[in-house]
Amino acid sequence: MEADQDEMLSDLVCTHISAVLGLESADVVQPNQIFSELGFDSLSMLTLRNRLKSATGLHLDSSSVSHYSTPSALAQHLKQTLLET
């Protein structure tokens, strides 16, 4: 069950990363790839935060996404935040 939750959140993050960056597929996003290596800047990080906020219903402050350097770390943060609500 926990592995399914982790995979679902990772897929969610990677799907939104792919959409923000205009990538052809979420499959090209590596879970441990650093956001700056993917091509993120401050505007795209804000766009990702807004998309994840809408998708999860979580309150994500402006630094919550940029504080985590990889898709995997961000997915784990979302998991922790969901567990705390």
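Just so it is clear, the model here is predicted, and its values are computed rather than measured.

Packed helices, taken two at a time, are described by their axes: the angle between them and the distance between them. Orientation of helix H1 (residues 2-21) relative to helix H3 (residues 42-56), taken along the N-to-C sense of each, is 135°, at an axis distance of 10 Å. When the interaxial angle is binned, H1 and H3 end up oblique. Of the two possible hands of crossing, H1 and H3 adopt the one that is right-handed. Judged by residue contacts, Leu12, Val13, His16, Ile17, Ala19 and Val20 of H1 engage Ser44, Thr47, Leu48, Arg51, Leu52, Ala55 and Thr56 from H3.

Over its 20 residues, H1 extends 29 Å from the first C-alpha to the last, a length consistent with the 28 Å expected when each residue adds 1.5 Å. The set of residues buried in H1 consists of Leu9, Ser10, Val13, Cys14, His16, Ile17 and Ser18. Close packing links the buried residues of H1 with helix H2 (35-38), H3 and helix H4 (71-84).

With respect to the element layout, Asn32 can be found in the loop between H1 and H2. According to the relative accessible area criterion, Asn32 is exposed, its value standing at 63%. The spatial distance from the C-alpha of Asn32 to the C-alpha of Thr70 is 5.3 Å, given a sequence separation of 38 residues. In contact with Asn32, other than residues within four places in its own chain, are Thr70 and Ser72.

Glancing now at H4. Counted at 1.5 Å a residue, the expected span for H4 with its 14 residues is 20 Å, and the 20 Å between its end C-alpha atoms agrees. Close packing links the buried residues of H4 with H1, H2 and H3.

This next bit is on a negative patch on the surface. On the surface, a cluster of negative charge is made up of Asp4, Glu7, Asp11 and Asp27. Within the secondary structure, Asp4 sits in helix H1.

Enumeration over the complete set of coordinates arrives at one aromatic pair. Geometrically, the ring pair formed by Phe35 and Phe40 is edge-to-face, given 5.1 Å between the ring centres and 80° between the ring planes. Residue classification places Phe40 among the buried positions, given a relative accessible area of 10%.

Cut-offs applied
Residues numbered from 1 in each chain as written. Predicted model: local features only at pLDDT ≥ 70, side-chain atom pairs only at ≥ 80, totals over all residues. Heavy atoms only, no water. Axes fitted to C-alpha atoms, helices over the stretch in contact; angles between N-to-C directions. Helix = DSSP H or I, 4+ residues; strand = E, 2+ residues; numbered from the N terminus. Parallel < 35°, antiparallel > 145°, perpendicular 65-115°, else oblique. Left-handed = near helix turned anticlockwise from the far one by under 90°. Contact = heavy atoms within 4.5 Å. Expected span 1.5 Å × (residues − 1). Buried < 20%, exposed > 50% of the residue type's maximum accessible area, 1.4 Å probe, protein only. Patch = residues over 30% accessible without salt bridge, like charges linked within 9 Å, V, L, I, M, F, W, Y side chains within 5 Å. Areas by Shrake-Rupley, 256 points an atom, 1.4 Å probe, with all protein chains shown as cover. Salt bridge = Lys/Arg side-chain N within 4 Å of Asp/Glu carboxyl O. Lys, Arg positive; Asp, Glu negative; His and termini not counted. Charge placed at Lys NZ, Arg CZ, Asp CG, Glu CD. Phe/Tyr/Trp six-rings, centres within 6.5 Å; stacked < 30°, edge-to-face > 60°.

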